[in-house]
Structures are given as structure tokens and as C-alpha cells.
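# Structural overview
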Amino acid sequence: MASDRQKEILTLFELVAKPVSQVSLSLRGAAGASLVPSDAELLRIRTNLNLRGRGIGITPRGVPCSLFEWETMEEATKLASLLVAQPTYEEFYKVSMAVRVEVNEEIYVFANMSALIQRKDTSHVRLPPIEEVLPYWYFPSTVISKADSLVKEAADETERLVVNYEFAHNERDHEFRVAYFREDIAVNSHHWHWHVAYPFTWEPSQGGMKDRKGELFYYMHQQVIARYDVERLCNSLSRVRPLSDLREPVKEGYFPNLVSTISGTHYEPRSSNMLLKDIEGNTLERLTLWKNRIFEAVHMKFAINEKGERVPLVEPLGIDILGSMVEPAALSLNRPFYGEYHNFGHRIIARIHDPESRYSESRGVMSSTATAMRDPIFYRWHKEIDNIFNEYKEGLQPYTKSEVEWGDVVVNNVSVRGDVTKNTNLLQTYWQDREVLLSSGVDFGRTNPVFVNMRHLQHEEFQYDIEVDNISGNERKATVRIFLAPVFDEFQDKLSLTEQRRLYCELDKYQTNLKAGKQVITRRSEQSNVTLPTVMGFNQLANSNLPETPEEGFCGCGWPGHLLLPKGRPEGMRFVLVVVLTNWEEDKVENLPDKVCGDAASYCGLRNQKYPDKRPMGFPFDRRFSTGAQLSDFLTSNMAEKEIIIRHSGEIVDVKGIFQPAPIF
């Protein structure tokens, strides 16, 4: 069974809109029951804390928040800092319980999860999945309404209740073809969790370490856009067009059908061809000015700090500085001058339907890191953001042969083999159903749980076989870097290497020991350093044996494992798989602990540690190639490429077997 501490943490997140006295006693555990103060004690704690005097409890309860606004994030950061500052776990727990009814529910969840990640005495505790804490971020109101109807119609308490998820829009909207990606729960959870781990308001005085935070902002989002572009190609859609002209009509409409179960507030829809307009506190002209200033800094290869001094934008720190300018972060070297291009873009798009707040309408999904990736416009906006970073990368010199090559190692071949198809270099994807607990975040007035059945893309597990010859005569330690990119564009023309470079998706990065001579390195797909292991829900967390040592803690940040591979096509789709082996002695970062929270270090880094790779993120595909170069021109002896096929079967596969093809996509 789960430890008392694990159960206690779950009580912090169950039905967060309700007082602590109404959370499930079954989750609390013996120690947890004694930890929960009386109502009088909770009142005394709140009074002593003077929350309003600390700038906490300002945002009203029941109101959906914009986590791209400084005021909101500053309040969340202050609450997180207060929770981290509690000297003991017991005091942390009591303070968290005390503030629960005083602060906005979304801020409460964000701050608690942020604090739990930072505190050493909770480093072994697994966080409940955010979709089970605040399900209205992930499930349309129609799903929740159907669940409520099932509860009312149920014969008795013991009847197992499951309602099916329905994606927004239908086949009349061509963007519906990739709704399975945009509305995937784990994709949206990953984005939210990344911003919990790396809030833009963070600064060193708050404790912990956020190494290469600006570069991580660039790389994680670049990989999201690359994966989305590839997914679009799988579905015969063109790659994303950046939202560069803020004054042209926004072609894509989106109706999320999300409603807060706490307040009844809707996340507002956006009709096709609406125009962006100035909002209170910012204008389109100012956004354009910030963009021009950032591009000028990129082209001049230096930025100006608040003292008027030149700060070089050169490697290895240039991309990290630029990332903090674009987001922007509290560590931005001159936020008054370079502005808040990324964040204000989200805010203006989220207000497109009521820019002047004339009708007191709520925001769209682009206002929240938890919901933004559902909207097609997210990817257009982030292609625009990625173009800034690409402009910087294009200004760097291509890697020389000596910077890429490792003379001690020759990679002779790479291949993959699926567990199901058993064919070399042919992998299969299909659909799979997953049940998510809904009743941990929505009170249906029943003891037994209510679930949502969510369909998602899945792939067969597979193995990499990498044939290597260590010609040094001695043992060596290597970093293995594995990437995947499509071969053809939306017109079925072969992609140039320049185009393909921005479509390379990182599949894995890990270290391995090489003995002298020839050998075959094997690696399982489920071991990927990019993806997150299977997330455990409330029920599993409450009833599972979990590690008690901090070193074995669970981070919770990472790309969903079921989306490691793109969908492919029914007839098969051609991809190029590239493996690069580099010298770990040149890659390694000194003094990293052997065990540290880093389930998906490539996209999420390590908790309170240095990023575990000295090379630029995305190396060696992060820089431009020489004009006219082909992949064969770029390959060195320590690299290998192989064309593989990914085929989508259309079947629905679960633990019970294979069913008929799904008629959804």
C-alpha cells in the first residue's frame, strides 16, 4: 500500500474547490488524519500567515486564471515560496490545508505542485495527474454532463460508470484530423507540468536550480512544433504556417467546449477569420516593436541590458539568454525594452473575442498552459516563436567535421524491430483506450469512482540495434543520440536537409559503455530519455507500493510515451532514423548525482541540477548545414542513418485484444 505521506499529498488535490473536511478520509491514512487541524486551528494558521499582506489570495476563487500574466504567476510563486519555506513536512501540510479555502483553486494547485517538486521531504512523492485534479481543463462539458447523467441513472452505487470522450469539431474541419494530438491529455499535461517546473517568474533567490532554462524553453517548444508538423504530414495536412502577421484574419477557429466545474465559466470559442486587436495593457504595435527589437539583437549578435551594456549573444550562452528574452523570464536581461513577446501573444489571442472586455467574457484556451495546446493557433504562434530561435541558429556557423566526428567510434548500422510486427525497420501504430478518473476532481455525490474513456495514439514497443566498432582499443563511454524525421513534404517531394533539420524529433539520448572492438548496442523504446513513464492516477497512487527514497522520486515532466512515434499512414510512411554517438568525456557535466529526478531529461532537465549534457540541445541538428548539403554529406563515421516505415493500422488495441478499426480518424 502507499505510504501515509503519499496519501496525505493526494488529499491536497482531491476536490480542491471544497473545504478539507469534505475530502476523502479513505485517502488520508492514519498519520494524515492526525495532521489535519481543526477548523479553529486552520483559522489561526491563516490569521498568523497574513496572506493578503504577502500578496496571496488576491485572485478571486472560482475564476479561471491566465498563467501567462505576471500578476497571476507572481501570486502563485509567492504561495509556492511560502510552502517551500515551511521548516518541516508537517508544517507544510498544515499551511497547505489552511490556505486551501483562501486562494484561487488553480493557483493553489500550481503552487502546491511547484512546492512539492522543490521540497526535499516530498521528493519521493508522486504527484497526481493534473487531469484528475482539474478535469475541466481536459474534458469538454458534454463529457462531464453525460457522466452526471450516468450517475443519476445508475442502478446503485456499485455500478461501474464510464463515459466516452468526444473530440472538438468534426470531419468538416480539416484540423480535426490532428485533434487526437492537440487534445491528447498527456500532451497538454506535459506542457502544463513543464511550466510548473520552469515558471517564468523563477529567480535564484527562490531556491533550487533551473539550469539553461531559456534554452529549455526554446528546445522543448521547438520539439513540440516539429512533432506537430510531422503529425500533420502523416494526415495529409500542410506544415504549420507561422502567425507572423498579427493584423491578418486568424483563419483557424476553435470551439473548446470547456467549462469550469468550479464556477461554470466557459473557455470562450473563436470563430474563423477573426481579427486580433489591442487589449487592455498592450497593443499589436507594441508586440511588433518587441519582435523587431529581438530580431535586431539576433542580427547584431548582442542584446542591451538594463544598464545599457552590450551582452553578446554567442554560444554557449546565447540561446539561453535569447530564450529568457522571448518568453520572457524574470531573468530576462532587459524586460522593459524587449518586452513580453511570447506571453502577451498568448494573452491577446485569448482575448480575440472580447479584446476590450466590453462584455466581460472570459478568456480562450490560449490563456492557460494547461489548455493552450488544444487550439490550432497555439502551433501557429509557437512556429512564429520558433522562427526567432531559428533565425539565431541560422546565424551560427555550421558544425565542422571535427565538432561532430568522434574518431574512436564507427557506427556501421542501425535498425529497429517491433515487438508485434517482428519486421526489421517497419513499425506499427494504432489506437488505444485509457480510462481517467473524473470523480477525483468533480463531485458526483457518490463514493464509487466515475471514469472517462479517452482514445489516444499508441505504437508497438520496439528495439534499436546499433552496430558499433570501438576502434580505440580501450573501453569508451558514449552518448547515444537518436532522431527521426520524415522523408517527404506535404506535396510528396523529398525534403531538403535544410527543411528536414527543423523536423527532426529526438527519440532518445542516453549513455552507454563501449568495450573495445565490434558490438551491438540494444535499447528499448520504453527506456526513452524523452518520454514519461506511465502516469499513475489517484486510485493507483493510493494503493501502490512507491519508493521512499528521495533519489528515486518521480518528476512528472516529460513527453507522453504513447506519442514517441508519429502516426504514420495506413499504406506506410517513410522516415529517416539517425543515430549519433558522441564522446561522453566531452559531453558530461561534472558532479551530477548518480540518481536524480530526470524521467525525461532531454525536454525537462534534472530537478535542481545542471542539464546533463554540455552540448547544445538538439545537437547536431540545431544548426544549419552547408548550402546544398545532403544528409550523406553531413554524416561522419560516428553516425548512421536508416530509412524506416511507420504504418498506422487503424485498429483499437487494449489488454483484451484487437478490435475493429476505429471510425474516428
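Residues numbered from 1 in each chain as written. Predicted model: local features only at pLDDT ≥ 70, side-chain atom pairs only at ≥ 80, totals over all residues. Heavy atoms only, no water.

## Brief notes about the pairing of strand 8 (residues 476-486)
Burial analysis of strand 8 places nine of its 11 residues in the buried class, the great majority of the element. By the bridge criterion, nine bridges tie strand 8 to strand 9 (residues 505-514) in an arrangement that is antiparallel. Paired with Phe483 across the two strands is Glu506, which belongs to strand 9. (Buried < 20%, exposed > 50% of the residue type's maximum accessible area, 1.4 Å probe, protein only. Helix = DSSP H or I, 4+ residues; strand = E, 2+ residues; numbered from the N terminus. Pairing = 2+ DSSP bridges.)

## A short note on the confidence of the model for the protein
In the predicted model, the protein carries a mean pLDDT of 90, and the fraction of residues at 70 or more is 93%. Residue range residues 25-32 is modelled with pLDDT below 50. Its contacts to residues more than four positions away, or to other chains, number 23 contacts. Counting interchain partners and residues more than four positions distant, the pLDDT-below-50 stretch residues 549-554 has 20 contacts. (pLDDT = per-residue confidence, 0-100. Contact = heavy atoms within 4.5 Å.)

## Section: helix 4 (residues 70-85)
Compared with the 22 Å implied by 1.5 Å per residue over 16 residues, the 22 Å span of helix 4 between its first and last C-alpha is a close match. Along helix 4, the residues that are buried comprise Trp70, Thr72, Met73, Glu75, Ala76, Thr77, Leu79, Ala80, Leu82 and Leu83. In this structure, the buried side of helix 4 is in contact with helix 3 (39-49), helix 5 (89-99), helix 6 (105-118) and helix 14 (335-338). (Expected span 1.5 Å × (residues − 1).)

## With respect to the packing of aromatic side chains
The way to describe two aromatic rings as a pair is by their centre distance and the angle between their planes. Taken as a whole, this structure holds 31 aromatic pairs when the rule is applied. With 5.1 Å between their ring centres and 75° between their planes, Tyr165 and Phe167 make a pair best called edge-to-face. According to the relative accessible area criterion, Tyr165 is buried, its value standing at 9%. Between Phe378 and Tyr379, the aromatic rings sit 5.0 Å apart at their centres with planes inclined by 80°, giving edge-to-face as the arrangement. Side by side, Phe378 and Tyr379 carry an identical accessibility label, which is buried. Grouped by ring-pair contacts, the aromatic residues Trp194, Tyr198, Phe217, Tyr218, Tyr219, Phe389 and Tyr603 constitute a single cluster. The ring of Tyr510 has Arg523 lying over it, and the distance from NZ or CZ to the ring centre is 3.8 Å. Across the ring face of Phe619, the terminal group of Arg615 is positioned such that the distance to the ring centre comes to 4.7 Å. (Phe/Tyr/Trp six-rings, centres within 6.5 Å; stacked < 30°, edge-to-face > 60°. Lys NZ or Arg CZ within 6 Å of the ring centre and 35° of its normal.)

## So, the packing of helix 3 against helix 5
Packing of helix 3 against helix 5 leaves a shortest axis separation of 9 Å and a crossing angle of 90°. For the element pair helix 3 / helix 5, the angle class is roughly perpendicular. The segment helix 3 lies against helix 5, with Leu42, Ile45, Arg46 and Leu49 engaging Lys94, Val95, Met97, Ala98 and Val99. (Axes fitted to C-alpha atoms, helices over the stretch in contact; angles between N-to-C directions. Parallel < 35°, antiparallel > 145°, perpendicular 65-115°, else oblique.)

## Comments concerning the nonpolar core
Residues Val109 and Trp192 are the most contacted members of the largest nonpolar core, which totals 166 residues. Sorting elements by how many residues they give to this core places helix 6 first, with nine residues. What Val109 contacts, discounting residues up to four positions off in sequence, is Phe13, Val16, Ile130, Val133, Leu134 and Trp192. Listed in part, the 35 residues of the second largest apolar core include Cys234, Val414, Ile466 and Leu564. (Core = buried A, V, L, I, M, F, W, Y, C linked by side-chain atoms within 4.5 Å.)

## Notes on the state of the cysteines
One pass over the full model with this rule turns up one disulfide. What pairs with Cys557 in a disulfide is Cys604, and their sulfur atoms sit 2.2 Å apart. Note on the Cys557 and Cys604 pair: the S-S dihedral is about -75°, so by sign convention the disulfide is left-handed. Of this pair, Cys557 sits in the loop between helix 19 (538-542) and strand 12 (559-560) while Cys604 sits in helix 21 (residues 601-604), and the two are 47 residues apart along the sequence. The burial state of Cys557 is the same as that of Cys604; both residues are buried. In this structure Cys234 is a free cysteine whose sulfur lies 9.4 Å from that of Cys505, the closest cysteine sulfur available. Exposure remark for Cys234: the relative accessible area of 5% places this residue in the buried category. (Disulfide = S-S within 2.5 Å.)

## Observations regarding the sheet that holds strand 10 (residues 517-524)
Pairing in this open sheet of three strands is antiparallel, and the strands run 4-7-10 from one edge to the other. At either end of the open sheet lies a strand with only one pairing partner, and these are strand 4 (409-418) and strand 10. Neighbour-to-neighbour, the strand axes of this sheet turn through a mean angle of 20°, independent of strand direction.

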